[in-house]
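Each chain, letter by letter, is given below.
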Amino acid sequence: MDRALPRGAGDAGRAADPRAPPRVRRGARHAGAGLMSPLEWFGLGGDADERALKRAYAQRLRRTRPEDDPEGFQQLHAMYQRALAQCRRNPALAPASAGDGGGNGGPAGDAPPAAAAAAPPRADGAAPRMPAAMAGTDLRPPAVRFDLDGFCTQAIDRAASGDADALGRWLQARPEFWSLQLKTEAGRALVQRLYRERPPMPAACLDAILRFFDLHHATAGHDPLALQRLERHMQLAWELQPAHRAALCARLRPMPTVRTLDRQLALLEAPFRWSRVIALAVFPARIAMFVNTLTRGHPEDLPERFDRRAIRFWLDAADRTRITRARLLMGGIRWLAATLLGALLGCAIAWLDADPAEAGRLALGLGAVGFTMGLCWLAWMAYQPLDRWHGLPEHVAVRWPWLNLLLVPLLCGLGLGVNALLPHSVLALVVPVVAAWLAIRRCWRRFPSQRRPHAAIFRVAPFLIYPLARVLFVDADDVRGGFAYWQILTVPMLAWGLDLWFQRAHLRVRSRTAAQAD
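Here the residue index of a chain counts from 1 through its sequence in written order. Per-residue local features are limited, in this predicted model, to residues with pLDDT of at least 70; the limit for side-chain atom pairs, both in listing and counting, is 80 or more; totals at the level of whole chains, interfaces and linings are taken over all residues. The basis for every side-chain value is the complete set of heavy atoms in the structure, and neither hydrogens nor water enter the calculation.

Trainee: Explain the overall build of the protein chain here, please?
Mentor: Across its full length, the protein chain holds 23 helices and 0 strands. Note on contacts: a residue pair qualifies if any of its non-hydrogen atoms lie within 4.5 Å across the two residues. A fraction of 65% describes how many contacts in the protein chain between residues 6 or more apart in sequence connect residues 24 or more apart. Carbon and sulfur atoms provide 60% of the accessible area of the protein chain, an area that totals close to 31,100 Å². Secondary structure elements follow DSSP: runs of H or I of four or more residues count as helices, runs of E of two or more count as strands, with numbering from the N terminus. Shrake-Rupley sampling with a 1.4 Å probe provides the accessible areas, and residues are treated as covered by the protein chains on show and by no other component.

Trainee: So what exactly am I meant to see when it comes to the side chain of Arg60 here?
Mentor: In this structure, Arg60 sits in helix α3 (residues 50–63). Whenever two N or O atoms come within 3.5 Å, that pair is a polar contact, provided that in protein one can donate a hydrogen and the other can accept it, and provided that, for residues adjacent in sequence, both atoms are side-chain atoms. Within the structure, the side chain of Arg60 is placed 2.9 Å from the backbone oxygen of Trp41, a separation counted as a polar contact.

Trainee: Where do I start with the packing of helix α19 (residues 401–421) against helix α20 (residues 426–445) in this structure?
Mentor: For any two helices packed against each other, the geometry is given by the interaxial angle and the distance between the axes. Helix axes are fitted only over the stretch in contact, all axes being lines through C-alpha atoms; the angle between N-to-C directions runs from 0 to 180 degrees. Close contact between α19 and α20 brings their axes to 8 Å; oriented N to C, the two are set at 165°. With respect to each other, α19 and α20 are oriented roughly antiparallel. Of the two elements, α19 crosses α20, and the hand of that crossing is left-handed. Counted together, Asn404, Leu405, Leu407, Val408, Leu411, Cys412, Leu414, Gly415, Val418 and Asn419 of α19 and Leu427, Ala428, Val431, Ala435, Leu438, Ala439 and Arg442 of α20 form the full contact between these two elements. Residue polarity follows a fixed list, in which Ala, Val, Leu, Ile, Met, Phe, Trp, Tyr, Cys and Pro are nonpolar, Asp, Glu, Lys and Arg are charged, and the others, Gly among them, are polar. Across the contact of α19 with α20, the residue classes break down as 13 nonpolar, 3 polar and 1 charged. Should an angle fall under 35 degrees it is called roughly parallel, over 145 degrees roughly antiparallel, and 65 to 115 degrees roughly perpendicular, with every other angle called oblique. Two helices cross in a left-handed way if the nearer one is turned anticlockwise from the farther one by less than a right angle. They cross in a right-handed way if the turn is clockwise.

Trainee: What is the right way to read the environment of Leu411 from this model?
Mentor: Along the chain, the position of Leu411 falls in helix α19. Note on classification: 1.4 Å probe, protein chains only; a residue is buried when its accessible area is under 20% of the maximum for its type, exposed when over 50%, partly exposed between these limits. Accessibility expressed as a relative area gives 18% for Leu411, which makes it buried. Sequence separation between Leu411 and Pro432 is 21 residues, and the spatial gap between their C-alpha atoms is 6.9 Å. Setting aside anything within four residues of it in sequence, one finds Leu411 in contact with Val431, Ala435 and Leu438.

Trainee: For this particular structure, what's the right way to read unusual backbone geometry?
Mentor: Note: most peptide bonds trans; most residues except glycine with negative phi. That bond from Arg253 to Pro254 is cis: its omega, -5°, falls within 30 degrees of zero. In this structure, Asp214 is a non-glycine residue whose phi angle is positive, near 55°. Summarising the element assignment, Asp214 is placed in the loop between α10 (203–212) and α11 (224–239).

Trainee: Any chance you could explain the packing of aromatic side chains here in plain terms?
Mentor: The relative placement of two aromatic rings is captured by the distance of their centres and the angle of their planes. What counts as a ring pair is set by centres within 6.5 Å for rings of Phe, Tyr and Trp (its six-membered ring), and what kind of pair is set by the plane angle: stacked under 30 degrees, edge-to-face over 60, tilted for all other angles. A full pass over the atoms with the stated rule returns 17 aromatic pairs. Each ring, one from Phe146 and one from Phe151, has its centre 5.7 Å from the other, and the planes form 45°; the classification is tilted. On the basis of relative accessible area, Phe146 is assigned to the buried category, the value being 18%. Residue classification places Phe151 among the buried positions, given a relative accessible area of 1%. An angle of 80° between the planes, with centres 5.5 Å apart, marks the rings of Phe177 and Phe213 as edge-to-face. Taken as a pair, Phe177 in the loop between α8 (164–172) and α9 (180–197) and Phe213 in the loop between α10 and α11 lie far apart in primary sequence, 36 residues in all. The pair formed by Phe177 and Phe213 is uniform in burial state, with each residue classed as buried. Through successive ring pairs, a cluster of aromatic residues spans Phe146, Phe151, Trp170, Phe177, Phe212 and Phe213. In this structure, Arg60 packs its charged tip against the face of Trp41, placed 4.6 Å from the ring centre. For Arg504, the ring lying beneath its charged end belongs to Trp501, and the centroid distance is 3.8 Å. Consider the ring centre and the ring normal. A charge sits over the ring if Lys NZ or Arg CZ is within 6 Å of that centre and within 35 degrees of that normal.

Trainee: Would you take a moment to explain the nonpolar core for this structure?
Mentor: A general feature of soluble globular proteins is that nonpolar side chains tend to end up buried together. Core analysis: the biggest nonpolar cluster contains 29 residues, and Phe151, Leu171, Phe177, Leu190, Met201 and Phe213 have the highest contact counts within it. Contributing elements (two or more residues each) for this core: α7 (148–160), α8, α9, α10 and α11. Among the elements that line this core, the one with the most residues is α10, at 6 residues. Apart from residues no more than four positions distant in its own chain, Leu171 is found in contact with Phe151, Phe177, Phe212 and Phe213. In this text, buried Ala, Val, Leu, Ile, Met, Phe, Trp, Tyr and Cys residues form a nonpolar core when linked through side-chain atoms within 4.5 Å.

Trainee: Looking at this structure, how should I read a nonpolar patch on the surface?
Mentor: Like charges within 9 Å and nonpolar side chains (Val, Leu, Ile, Met, Phe, Trp, Tyr) within 5 Å are joined into patches, using only residues over 30% in relative accessible area that form no salt bridge. Note on definitions: salt bridges are taken to be side-chain nitrogens of Lys or Arg within 4 Å of carboxyl oxygens of Asp or Glu. A grouping of Leu421, Leu422, Val426, Leu427, Val430 and Val434 is seen on the molecular surface, where their side chains present a nonpolar patch of about 570 Å² in accessible area. With 4 residues, α20 is the largest single contributor of residues to the nonpolar patch. Mapping Val434 onto the fold places it in helix α20.

The values reported here are purely geometric and, on their own, carry no functional implication.
Have a look at this one:
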């Protein structure tokens with residue numbers, strides 16, 4: 001038969017063993033309820049000092065983790081603060097508390113009188129109950145002073161070092177963030193400051209900050225695009241620092257040397273000057289490729305010290321999808337340079353032969369070659385946007401849809417007119433050849449994928465169109481009524497008609513007319 005324990009024996013055992021759970025009175029739903037003091041809640045006596053309290057708190061903390069039980073951790077932390085305040089209100093324990101040096105701070109001089117703070121031990125040896133004089137006392141600890149701006153500055157400085165693991169350990173060791181409310185407020189304030197200042201910081205450190213403050217998921221309220229821009233901007237600013245140039249060189253492809261990288265960055269940071277543009281007119285594509293590789297295709301992420309006008313000029317000059325002012329200027333400079341170089345080369349060769357007449361003819365001939373090359377380049381510049389606009393699918397809206405549809409027949413009609421005015425001329429041959437090429441390109445790109453011919457035909461077709469047209473047009477003088485020219489025009493018209501047949505159900509002009517009728 002079990003022996004009945006004397007009254008109070010269980011309480012004495014709990015006071016001796018801090019690991020034992022506290023005895024909670026019936027109806028006591030929270031800390032400090034009834035007559036239980038915060039120290040009794042930890043299983044300690046009224047004469048326990050801060051060292052004993054911290055040991056008991058550490059043992060409880062092993063079983064109540066903030067990530068597993070946030071509410072239980074909040075209650076545990078609140079009771080620890082109240083028990084710590086009770087210890088510091090006891091004048092008999094003030095020297096021990098001051099010598100510990102491990103608390104959260106707070107003077108011991110504002111404690112209540114000793115008669116009210118220190119209760120005599122009970123006769124049965126159990127932990128003393130809260131004195132009647134302290135029953136109505138507010139045991140909540142004073143508000144913890146937390147320098148939010150100072151913390152943000154320290155976090156940014158540590159993140160700038162680039163060590164994400166050290167930054168995470170530093171954040172984990174901050175005792176202020178045992179309070180979930182303070183942790184949330186500090187995290188949001190730090191992220192807002194990052195958005196506002198955009199300091200140099202690697203992406204790994206930004207990810208460590210977001211994960212520690214639980215702001216890395218979609219429900220944290222971030223704009224995903226804005227967060228992505230912030231990460232790119234801070235990563236690039238961190239890589240552009242002189243101490244991290246070697247890491248930046250390792251990322252770029254092809255990998256440059258540090259000296260070459262410094263020279264290219266200095267070129268982009270220098271103010272825009274036309275003399276520099278003329279000197280580098282041959283290399284716009286290389287400069288644009290370096291900018292795109294450096295910024296991962298986002299030149300707007302470059303810091304403010306880079307000249308925006310120069311960067312935009314080099315990108316426009318190398319953009320082959322559009323006809324821009326910078327591209328025309330670069331082509332004009334190279335065209336003029338090629339013409340002058342050809343003329344000077346002819347003069348030099350003729351001067352070596354000591355024949356002035358031959359020198360003049362050779363200079364004019366080489367200059368004409370350069371001029372012709374420039375004209376061919378201008379024609380190619382005009383052809384590229386025309387071909388791209390003419391070959392767009394029918395579901396894509398375009399300017400002048402009727403002209404897009406009837407361009408090939410109009411070119412064929414123009415060719416007939418030129419042939420009537422200038423029979424057997426080169427210009428009369430060029431117009432139908434261009435029309436045929438545009439029609440074939442349009443038909444092939446918009447052709448159903450399962451029936452599309454192989455793309456290798458376009459590697460051979462340009463070399464076959466002109467000889468075929470030459471034979472049909474020039475060598476068929478005995479054919480009456482210009483039948484040979486009509487044979488040439490059948491090629492673009494057949495390709496155009498085939499494309500029109502396959503796209504008949506999706507013509508944009510039909511959809512636009514129906515929309516206007518509605």
